[in-house]
Amino acid sequence: MAILSCVVEGMYVPCGEPTLNPKYHQALEYVVFVYFVVEMVIKIVALGRAYFGDKWNRLDLFIMFVDILAYFLGALRVDIKGQHAVRLLRLISRLTCFEELVSDLLSIMPMLANVFPLFIFFIYIFSVVAVQLWAGKLRNRCFLQEDVLTNYNVSLSPYFVSASTEKYSFICSLDNDDGMRRCRDIPTYWDDGTTCSLTTTGSPRNASAPAVVGASAASCVNWNVYYNVCRTGDHNPNRGATNFDNICYAWLTIFQVVTLEGWTDVMYMVMDAHSFWSFIFFVFATLTGSFVIMNVCAVVIATQFSDIMRKKADRQHLGVLASIKVFLSQKIRTYWRFGEQVHPDDSPPPKTMSMGRIFKPIRRRLKEIVRSKFFSRGIVLAILFSIIAMAIEHHGQPPALTQVLHHFNEVFTVIFAVEMLMKLLALGPAGYFTDRDNIFDFMIVIVSVWESVSKAGSRLSVLRSFRALRFVRLVHFLPYLRRQLVVLHKTVEEASTLCWLTLFIIFVFSILGMHLFGCTFNLQTEDGSSIDVRKNFDTLLWSMVTVFQLLTQEDWNLVLYNAMASTSPWAALYFIAVIVFGKDVLLNVLVGIVVDKFKATPSRRPDEDATAGLTPDDDPAAATQVLRTLEDDPAPADGSSDSTSLNFSRRVLRWLKEREDWSFYVLSPDHSCRVFFQRMITHKVFDPVILLFILMNCITIAMERPGIDLNGWEHSVISTSSSVCTVIFLVEMLIKVLALGLFVGPQSYCRSPWNIMDGMLVLLSLVDITIRLTTGDENHMLGILKVLRLLRTFRPLRVIKRTPKLKLAVEALMASMRPMGNITLICCMFLFFYAILGVQLFKGKFFYCESDSTQDISNKTECLAAGHEWVRKTFHFDNLFEALISLFVMYSKDGWVNIMYDGLDAVGVNQQPLMNYNQWMLLYFLSFMVMSFFLLDMFIGVMVETFHQTQQRQRKEDERLRREAERIQEVVEVPYYELYSPMRRDIHTVCTNKYQDFVITVLIVLSVLIMGLEHYKQPVYIVELLENVHSVLTIIMVVEVFLKIVAFGVVRFFRSSVIFRNLEMSDKIPINPSILRVCRVLRLTRVLKAKNIRVLLKTISETLTQAGNVCLLFMFFFFIFAAVGVELFGQLECTADYLCMGIHRHANFMNFGVALLTLYRVCTGDNWSNIFKDTLRECRPGVKSCSRYLHWASPLYFASFVVMAQFVLANLVVAAIMQAMEDSNKARALQTHPPGEHSDIQPKKTHYHSPPPGGNGAV
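Residues numbered from 1 in each chain as written. Predicted model: local features only at pLDDT ≥ 70, side-chain atom pairs only at ≥ 80, totals over all residues. Heavy atoms only, no water.

Draft legend 1. Main features of the overall build of the protein chain. In terms of regular secondary structure, the protein chain is built from 45 helices and 11 strands. Here the protein chain, with 1259 residues, has 45% of them falling under the buried criterion. For the protein chain, contacts bridging at least 24 residues in sequence account for 75% of all contacts bridging at least 6. (Helix = DSSP H or I, 4+ residues; strand = E, 2+ residues; numbered from the N terminus. Buried < 20%, exposed > 50% of the residue type's maximum accessible area, 1.4 Å probe, protein only. Contact = heavy atoms within 4.5 Å.)

Okay, structure coming up:
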């Protein structure tokens, strides 16, 4: 009946023709309601009061109460839309797997009750700051002059409205602000594709005004020049959803910023309206909120669930997939045993006796062949060649290649069919089908034979691409991948129940979304027609797809804007609930499962990894032994020329051996020059001086940009400083080579990989200077110079060697490269399979006709005949390389929805797309996204494990050094307040009383709540109330601080307390005093006194301490990629007639500073795919500054940066948080005596070293 209830709710259709007759639908609802009423009554009668002791019975009782209340209010024509989603929760208690998993999730709730208030507190702080700074700022618009509409008979908007092609509203900056956009920046008015440059007097506005390429000045008035009055309007951007006018909207906007979806749009609008430096607020909010606070929530859920799984390990609960596998294997064994009992091997029937004797040697021989290495390697080669044959297939390939690939397909089909038959004959049906690989091969062979024999169409030929999964068998030749694949397999088995529960939660929110927002999302055009929004809740299918999109957080803010504009602002609660319970809770449980499986699966021993692949040529001991053998080998007796040559070789080797520690075999260790150079490189000033020149070189690299004037002073300074730094680095290298030696010797220059890197960079710089000085025609050498300029950006690598913390972080990162490389290889295999499948499904289908109206166009021929352009989408599947690029963008969770829509609309080759033409393609895209969750969490598991191992080794070393360095003796001090006077003792008692803290806490909460009342256009009495309350609370805080100074003393008070002051200095300092007033919100930190919250705060503080190295790594990689990005993409063209989708005046690579901010946007994954699209565009004809190699350089650039930033470094923060959480929990568990609750300041233990000899140890 619970499933029937879900089916009945799923039949609901918000608009259009219902799936079931409304009368029958209502009758089914009544039947389900009556059934559960009867069930509840029977249970209450049977169990009595014990019925209310079970939490699932209480849930049923709550659902029944909601149903009765809904029917009662329905009679009064009051609709409770949430009742339909509540009814579905009955299914949880009816399925054992759901019940156990939900019970485990409920056991995490006590810890989450501490995490989410901390998260809300964090967003509240930034919300109050935002209201103080930017209330009403996003309403700024450029209005017309007052006399324009009265003097001229024109129909114009009262304020400037951006064109439909522009993404952002035109928000201007007031005269008293320092925003980046003014009314004078409004673009020129366009009329029917032509640029208007005349004023109302008929004369040109500005003869020197730049005109758009390809447009001519027409005799039309540029009305946009009269939008020159910037003032506050009535509308906020994004249909009123984005603003900081009050605490509620500000909280919602900051929540969107923390989710990292659309946060740059908000930042750009604030930068336009207020100040360029507003980006500091948003960068800090995303760093602390997304990378720290949100990851703390994820780590709490993951670690708590992992602990629960570890406690339940003795019960060995199997997932759904594991249960099915065990069931099938048992059935196969049962049937095979039954067959053996019917026809035992030792008593065959008389008629088949001779056949059995003949077949046994053949079967034995077939077993030997099948199990031989040559057979396996031959099949592996066939798999490789079949994969290559599928990989080279592409759109627009020659007919001859198509014919050759067809023949190859038939040959491989025969090979794999013969393999299947040989294994069936050798192993028998039971032995063959007990192996999952054999079952998979059997299915693929049957499909391939069917497709070849029946000459099936393209729909069935798609199944051929599943042959690409055979490359999983190649894992046997890659032993390092086995552990990661075992972990992935166990994770999928364990998470099967979680997947079903997630699907059920998606279904619940989909039903609720259909009742709340069904058939309400539509956009009105200027002519009054409506445009259907694809992200909607109109049907069950698209409602579930939309909810899944919300879980991935891709463009969830756009759905939020439509919902709030179509219904009410309270719709935001629905989206917050979906993200919090779906994304932040359920999907983070998967992280816990992955981490637990990594801990449970043993890894290879370090000594095995270290000795793997070691050859005698690489072994120094072996080389020394060979040298000694040559030295000690007696000379031959004869006096032939060979003997003379051998004696000469022996003398040379002996001479080299004697001068092994000489520099270049010339300078002895005691040579005065070498001693001088050694003293120089070990001097304490040497490294700081070299580091200073490195930093100066980094500054000059940051100053470089493509558009710099070659004859200007800036270019001269950059060239001179680069040459000077190159000379300095060359001298440094020569000094080190002479002091240490080049190759030979334990401390030689080339023994250190950091020195090798320094030397390579110096040599490349010399080659760059030589080419620039010797060549006279730079056009011929432009490609080489470009490469060398890009290689110069790696000069900051030299900083790593001279920065111990950064060097330690890099070495820890390098330690994780091998397991990270394994996961990356698995991801590449995953992408490779889906790319081949995507080529089979969508090659040649991602073209469309570029026109304003395509209603009468159905194919390429009609498009070209109408004078339009037949264009291919940027992300497509026409070949393997382009398919991999498209799938990588989807894998990063950005832009996958638009690619999915393109796939759903694809009709055929040279056919115009139709909306939702093939909805079955949802299986391809959604299955890819589901698997991407598992693989992305594998990165987290590897990083957590590696970080934990590195941390443990570091702690063992620190503990050993600490024990060797000091012996600590603890002596308890006499309490500091024992010698206080009676009055001071009374003050101390008051300050340490728990009721005093409670009163102060209540006042702080009251103060913060009153601060939240501040809003845009607030009445005068609100302003006066805020000022009065603030004055009273400030007096109370000052009295409290004075009393605590008297009670604890000045030193002890400042050592254990934090004072927040509010300074009213508007007359003394030239800044907005509201920026200082927002510091009052930091008083909320005193409210966080719960023990669990203190553990979380300690975790965050330790994480920030450990994150220093991670931040250095981020800065290091950002510097290099920003410098390379300026060289590659600094001259990308974005004009009014050649629009860009992601690159604009705020996000570009025109200079180093903006490139850093753009890369941070890419790091957060906020719409980075559009920036990537702009770098893939073809060059316009006649544009010489466009680089032709960006089509292959751009994917390498962005793929490497996204992998390093989003998949490696960001997960390193998660690993640090998880380790800090574990340390905090251990420290809390080791505390046998918890600190007192009556005082913030406890008597401390003073540590004294052991007394010196002859001392008495008196204090």
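Draft legend 2. Representation of the nonpolar core in the model. By size, the foremost hydrophobic cluster in this structure holds 248 residues, and its most contacted members are Phe-244, Phe-282, Tyr-574 and Tyr-891. Broken down by element, this core gets its largest block of residues, 18 residues, from helix 6 (residues 96–134). Ignoring sequence-local partners within four residues, the contact set of Phe-244 consists of Ala-130, Val-131, Trp-134, Ala-135, Leu-138, Ala-250, Thr-253, Ile-254, Val-266, Val-270 and Phe-282. (Core = buried A, V, L, I, M, F, W, Y, C linked by side-chain atoms within 4.5 Å.)

Draft legend 3. Looking closely at a nonpolar patch on the surface. On the surface, Met-1, Ile-3, Leu-4, Val-7, Val-31 and Tyr-35 cluster together into a nonpolar patch covering about 510 Å² of accessible area. At the level of secondary structure, the elements contributing two or more residues to the nonpolar patch comprise helix 1 (2–10) and helix 2 (22–47). The leading source of residues in the nonpolar patch is helix 1, at three residues. Looking at the secondary structure, you find Val-7 in helix 1. (Patch = residues over 30% accessible without salt bridge, like charges linked within 9 Å, V, L, I, M, F, W, Y side chains within 5 Å. Areas by Shrake-Rupley, 256 points an atom, 1.4 Å probe, with all protein chains shown as cover. Salt bridge = Lys/Arg side-chain N within 4 Å of Asp/Glu carboxyl O.)

Draft legend 4. Highlighting unusual backbone geometry. In this structure, Cys-519 takes a positive phi of about 60° despite not being glycine. Considering the arrangement of structural elements, one finds Cys-519 in the loop between helix 18 (496–517) and strand 6 (522–524). Positive phi outside glycine occurs at Asn-1167, with the angle close to 55°.

Draft legend 5. Spatial organisation of the packing of aromatic side chains. All chains considered together, the criterion is met by 67 aromatic pairs. With a centroid separation of 5.9 Å and 65° between ring planes, the pair formed by Phe-160 and Tyr-227 is classed as edge-to-face. Of this pair, Phe-160 sits in the loop between helix 7 (148–151) and strand 2 (190–191) while Tyr-227 sits in strand 5 (residues 227–232), placing them 67 residues apart in sequence. Each of the two residues, Phe-160 as well as Tyr-227, counts as buried. The ring of Phe-36 is capped by Arg-90, whose NZ or CZ atom sits 4.2 Å from the centre of that ring. Cation over ring: Lys-873 sits above Tyr-848, and NZ or CZ is 4.2 Å from the ring centre. (Phe/Tyr/Trp six-rings, centres within 6.5 Å; stacked < 30°, edge-to-face > 60°. Lys NZ or Arg CZ within 6 Å of the ring centre and 35° of its normal.)

Draft legend 6. Seen up close, the state of the cysteines. Taken as a whole, this structure holds four disulfides when the rule is applied. Sulfur-sulfur distance for the disulfide between Cys-142 and Cys-183 comes to 2.2 Å. Across the S-S bond linking Cys-142 and Cys-183, the dihedral sits near -105°, which makes this disulfide left-handed. Here Cys-183 lies in the loop between helix 7 and strand 2 and Cys-142 lies in strand 1 (residues 140–144), a separation of 41 residues in the sequence. The pair formed by Cys-142 and Cys-183 is uniform in burial state, with each residue classed as buried. The disulfide that involves Cys-849 links it to Cys-863, with 2.1 Å between the sulfurs. Its S-S torsion of about 80° marks the bond between Cys-849 and Cys-863 as right-handed, since a negative value means left-handed. Separated by 14 residues along the polypeptide, Cys-849 in strand 8 (residues 847–850) and Cys-863 in helix 33 (residues 860–865) bring together distant segments of the chain. The two residues Cys-849 and Cys-863 agree in class, both being buried. Distance from the sulfur of Cys-827, which forms no disulfide, to the nearest cysteine sulfur (Cys-828) is 7.0 Å. A residue is classified by how much of its surface remains accessible, and Cys-827, at 5% relative accessible area, is buried. (Disulfide = S-S within 2.5 Å.)

Draft legend 7. Summary view of the environment of Ala-135. With respect to the element layout, Ala-135 can be found in the loop between helix 6 and strand 1. Between the alpha carbons of Ala-135 and Asp-245 there is a distance of 4.4 Å; along the sequence they are 110 residues apart. If we skip the residues at most four places from it in the chain, Ala-135 touches Ala-130, Phe-244, Asp-245 and Tyr-1016.

Draft legend 8. Quick peek at helix 9 (residues 263–273). Among the 11 residues in helix 9, 11 count as buried, and that is most of the element. Among all positions in helix 9, only Trp-263, Thr-264, Asp-265, Val-266, Met-267, Tyr-268, Met-269, Val-270, Met-271, Asp-272 and Ala-273 are buried. Taken together, the buried residues of helix 9 touch helix 6, strand 1, helix 8 (247–258), helix 10 (279–311) and helix 43 (1152–1164).

Draft legend 9. Layout of the environment of Trp-896. Positionally, Trp-896 belongs in helix 35 (residues 896–905). In this structure the C-alpha to C-alpha distance between Trp-896 and Asp-555, which are 341 residues apart in sequence, comes to 9.9 Å. Look past the residues within four positions of Trp-896 in its chain and what remains in contact with it is Phe-548, Gln-549, Thr-552, Glu-554, Met-890, Leu-926 and Met-929. Polar contacts involving the side chain of Trp-896 include one to the side chain of Thr-552, which spans 3.2 Å. (Polar contact = N/O pair within 3.5 Å; in protein donor to acceptor, adjacent residues only side chain to side chain.)

Draft legend 10. Structural view of the pattern of salt bridges. One pass over the full model with this rule turns up 18 salt bridges. Among the ionic pairs, Arg-94 bridges to Asp-60, the shortest N-O distance being 3.0 Å. Taken together, the residues span a long stretch of sequence, with Arg-94 in helix 5 (residues 90–94) and Asp-60 in helix 3 (residues 55–75) at a distance of 34 residues. Judged by relative accessible area, Arg-94 falls into the partly exposed class, the value being 29%. Under the relative-accessibility criterion, Asp-60 is labelled buried at 9%.

Draft legend 11. Fine view of the side chain of Thr-253. Within the fold, Thr-253 resides in helix 8. Setting aside chain neighbours within four positions, we find Thr-253 in contact with Ala-241, Thr-242, Asn-243, Phe-244 and Val-266.

Draft legend 12. Region of the structure containing helix 1. Taken as a whole, helix 1 has its buried residues at Ala-2, Ser-5, Cys-6, Val-8, Glu-9 and Gly-10. Elements in contact with the buried residues of helix 1: helix 2, helix 4 (83–87), helix 5, helix 18 and helix 19 (540–552).

Draft legend 13. Representation of the packing of helix 1 against helix 18. Packing of helix 1 against helix 18 brings their axes to within 10 Å, and their N-to-C directions diverge by 40°. Classed by the angle they form, the pair helix 1 and helix 18 counts as oblique. Here the hand of the crossing between helix 1 and helix 18 comes out left-handed. For the pair helix 1 and helix 18, contact is made by Cys-6, Glu-9 and Gly-10 and by Phe-504, Phe-507, Ile-511 and His-515, respectively. (Axes fitted to C-alpha atoms, helices over the stretch in contact; angles between N-to-C directions. Parallel < 35°, antiparallel > 145°, perpendicular 65-115°, else oblique. Left-handed = near helix turned anticlockwise from the far one by under 90°.)

Draft legend 14. Layout of the confidence of the model for the protein chain. With 73% of its residues at a pLDDT of 70 or more, the protein chain has an overall mean of 75. Summarising per-element confidence for the protein chain, the mean pLDDT is lowest in strand 11 (residues 1245–1249) (39) and highest in helix 8 (94). Here residues 605–641 scores under 50 on pLDDT; set against residues more than four positions off or in separate chains, the count is 21 contacts. Predicted confidence for residues 1058–1077 stays below pLDDT 50, and this span has 21 contacts to residues more than four positions away or in other chains. (pLDDT = per-residue confidence, 0-100.)

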